[in-house]
Amino acid sequence: MSKDKIVILTGAGISAESGLGTFRDEGGLWAQHRIEDVATPEGFHRDPDLVHGFYNARRAHAAKASPNAAHTALAQLEAEHPGNVLIVTQNVDALHEKAGSKNVLHMHGTLAGALCGRCDHRWPAPPEMHKDDLCPACGSAATRPDVVWFGEMPYHMDDIWTHLAQADTFVAIGTSGEVYPAAAFVQEAAMGGAHTIELNLEPSTRVSDFAETCFGPATRIVPDWVTQELSR
Ligand code: BJW
């Protein structure tokens, strides 16, 4: 059995079969909402009610969702692989944790968090957030979902670059490769000597950067890959 360090990047595609919509697939979230309205600091400044409504609905939907066989397989990999397994997720749902994964970095934040735009205080998000909610630390009515919008710096980046440089295997699952810096992780890992694998429904825009690929629904191809990895 391999003792190597595995870094896994996940995107919206891994949660699609749990009933959570992706962004860029046909009928996805960006077909229903303008990115600049709901996923930028400027959009939030212009219309906080609209943005809170968008995230309140997604928080409620995500709370009811259950992890699927792909999330469960990654939790099994973490539990049984003799080396280190790290999940870096772009997803704001908690399905990796619900499946039992412990070593998870949420680079685009989480629906479970609230953030004060004035003093940067963080606290657990209530089921619904509103523009007049007050920050429990500084009292400002500047509360927002603790998620990363376009033009903002994703979280944990120093740690993530370090883990990518040390990875023996890098796997990207269910992500289109359209959004940076996550889109550049495959090149960073490959430069450090990692074997790179794309597991996706269909080839992403970064497909030529990967050494190995497998296409199909995550609930099929991720458990298959985990079984293969644990028997190496
Ligand atoms: C299945 C499946 C199944 C379906 N089984 N698979 C020009 C060049 C380069 C970079 C830039 C540029 N201009 C601007 C930038 C930077 C910008 C960027 O990347 N823009 C691009 C549009 C070009 N990036 C940023 O701004 C980032 N910050 C940054 O760079 O900081 C540095 C900096 C800061 C300040 C100044 C200057 C520099 C921040 C990006 C934040 C992204 N935020 C969002 C919203 C998060 C909160 C929320 O959830 O609402 O993150 S946008 C959205 O996209 C979300 C996702 O995490 C992210 C990625 O989407 P993902 O997960 O890949 O989903 P999809 O829908 O795209 O793909 C789904 C995939 O699944 C597909 O491949 C399907 O085939 C597959 N699939 N069903 C398996 N069943």
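Criteria and cut-off values
Numbering of residues starts from 1 in each chain and follows the order in which that chain's sequence is written. Only residues with pLDDT of at least 70 are given local features in this predicted model, and only at 80 or more are side-chain atom pairs given and counted; all residues enter the totals for whole chains, interfaces and linings. The side-chain figures draw on all heavy atoms in the structure; neither hydrogens nor water molecules are used. Any residue with a non-hydrogen atom lying within 4 Å of a molecule or strand is treated as near it. Residues adjacent in sequence count toward polar contacts only when both atoms are side-chain atoms; beyond that, a polar contact is any pair of N or O atoms within 3.5 Å, and within protein one must be able to donate a hydrogen and the other to accept it. Surface accessibility follows the Shrake-Rupley procedure with a 1.4 Å probe radius. Residue values consider only the protein chains on display as shielding. Residues are sorted three ways: Asp, Glu, Lys and Arg are charged, Ala, Val, Leu, Ile, Met, Phe, Trp, Tyr, Cys and Pro are nonpolar, and all the rest, Gly among them, are polar. For each domain, the first and last residues come from an automatic or database assignment. In this scheme Phe, Tyr and Trp rings, the latter by its six-membered ring, pair at centre separations within 6.5 Å, and the angle between planes marks the pair as stacked below 30 degrees, edge-to-face above 60, and tilted otherwise. Strands here are runs of E lasting at least two residues and helices are runs of H or I lasting at least four, both read from the DSSP assignment and numbered beginning at the N terminus. The buried label goes to any residue with under 20% of its type's maximum accessible area, the exposed label to any with over 50%, and the partly exposed label to all in between, with areas taken from a 1.4 Å probe on protein chains only. Residues scored as charged are limited to Lys and Arg (positive) and Asp and Glu (negative), so that His and the chain ends carry no count. Salt bridge, as used here, is a side-chain nitrogen of Lys or Arg placed within 4 Å of a carboxyl oxygen of Asp or Glu. Strands pair, by our definition, only if DSSP identifies at least two bridges between them. To obtain each axis, a line is fitted to C-alpha atoms, and for helices this fit is confined to the stretch in contact; angles are then taken between N-to-C directions over 0 to 180 degrees. Along the arc lie the directions from the helix axis toward the C-beta atoms. Residue contacts follow a heavy-atom distance rule, with two residues in contact if any of their heavy atoms lie within 4.5 Å. In this analysis, the expected span of each helix is defined as 1.5 Å times one less than the number of residues it contains. What sets the label is the angle itself: under 35 degrees gives roughly parallel, over 145 gives roughly antiparallel, 65 to 115 gives roughly perpendicular, and the rest give oblique. Crossing handedness follows the turn of the near helix against the far one: under a right angle anticlockwise gives a left-handed crossing, and clockwise gives a right-handed one.

Asker: Hey, could you go over the site of the ligand for me, with residue numbers and the actual values?
Answerer: By nearness alone, 36 residues border the ligand, and Tyr55, Arg58, Glu152, Thr175 and Ser176 come closest of all. The side chain of Tyr55 places a nitrogen or oxygen atom 2.6 Å from an oxygen atom of the ligand. Out of a free accessible area of 1500 Å², the ligand has 75% covered by protein chains. Taken together, the residues of the shell around the ligand break down into 18 nonpolar, 11 polar and 7 charged. The residues that make up the shell around the ligand include at least three from each of domain 1 (1-20 + 65-108 + 154-232) and domain 2 (27-61 + 111-147).

Asker: Run through the packing of aromatic side chains, naming residues and quoting values.
Answerer: Scanning the model with the defined rule gives 7 aromatic pairs in all. Pairing Phe23 with Trp30 gives two aromatic rings, centres 4.9 Å apart and planes at 45°, and the pair type is tilted. Both rings, one in Trp30 and one in Phe54, keep their centres 6.3 Å apart while their planes meet at 20°; by these two values the pair is stacked. Of this pair, Trp30 sits in helix H1 (residues 29-32) while Phe54 sits in helix H4 (residues 48-64); the two residues are 24 residues apart in sequence, bridging distant segments of the chain. Of the two residues examined, Trp30 and Phe54, each falls in the buried class.

Asker: I'd like a rundown of the side chain of Lys5, residues and numbers included.
Answerer: Take Lys5: it is sitting in the segment before strand S1 (6-10). Among buried Asp, Glu, Lys and Arg side chains, Lys5 stands out as unpaired, with Asp168 the closest opposite charge at 7.8 Å. At 2.8 Å, the side chain of Lys5 forms a polar contact with the side chain of His163.

Asker: Got a sec to walk through the sheet that holds strand S2 (residues 85-89)? Specific residues and values, please.
Answerer: Read from one edge of the open sheet, 6 strands run S3-S2-S1-S7-S8-S9, paired in parallel fashion. Every interior strand has two partners, whereas the edge strands, strand S3 (104-106) and strand S9 (212-215), have only one. Strand after strand, the sheet turns through a mean of 15° between neighbouring axes, direction not considered. Direction of pairing for S2 relative to S3: parallel, over a ladder of 3 bridges. Each residue of the ladder has a partner; that of Thr89, found in S3, is His106.

Asker: Before we move on, could you go through helix H7 (residues 157-166) and cite the residues and values that matter?
Answerer: Residues of H7 that are buried include every one of Met157, Ile160 and Leu164, and no others. The buried residues of H7 all sit within an arc of 60° when viewed along its axis, so they share a single face. Lining the buried residues of H7 we find S1, S2, S3, strand S7 (169-173) and helix H8 (185-191).

Asker: I'd like to hear about helix H9 (residues 218-230), residue by residue, with values.
Answerer: Between its terminal C-alpha atoms H9 stretches 18 Å, which fits the 18 Å expected from 13 residues at 1.5 Å a residue. Along H9, the positions that sit buried rather than exposed are Ala218, Ile221, Val222, Pro223, Trp225, Val226, Glu229 and Leu230. Elements that come into contact with the buried residues of H9 comprise S1, helix H5 (69-80), S7, strand S8 (195-200) and S9.

Asker: Can you lay out the domain arrangement of the chain for me, pointing to particular residues and giving the numbers?
Answerer: With domains assigned, the chain is organised as domain 1 (1-20 + 65-108 + 154-232) and domain 2 (27-61 + 111-147). Facing the 6 residues of domain 1 at the interface are 7 residues of domain 2. On the surface where domain 1 and domain 2 come into contact, there are 0 salt bridges. Our count for the domain 1 to domain 2 interface comes out at 5 residue pairs in polar contact (both at pLDDT 80 or more). Broken down by class, the residue content of the side of domain 1 that touches domain 2 amounts to 4 nonpolar, 2 polar and no charged.

Asker: So what's going on with the packing of H5 against H9? Residues and values would help.
Answerer: Angle between the axes and distance between the axes are the two parameters that describe a pair of packed helices. In contact at an axis separation of 8 Å, H5 and H9 are set at 15° when each is read in the N-to-C sense. Here H5 is positioned roughly parallel relative to H9, judged by the angle of their axes. As H5 runs across H9, the sense of the crossing is left-handed. Across the interface between the two elements, Ala69, Ala70, Ala73, Leu74, Gln76, Leu77 and Glu80 of H5 pack against Ala218, Thr219, Val222, Pro223, Trp225, Val226, Glu229 and Leu230 of H9. A breakdown of the residues in the contact of H5 with H9 according to their chemical character gives 11 nonpolar, 2 polar and 2 charged.

Asker: Any chance you could break down the pattern of salt bridges for me, citing the residues and the numbers?
Answerer: For the structure on display, the rule yields 8 salt bridges. When the shortest N-O distance is used, the salt bridge between Asp37 and Arg46 registers 3.4 Å. Two residues, Asp209 and Arg206, come together in a salt bridge whose shortest N-O distance is 3.0 Å. Given the relative accessible area of 13%, Arg206 is considered buried. Where salt bridges share partners, they join Arg34, Glu36, Asp37 and Arg46 into one cluster.

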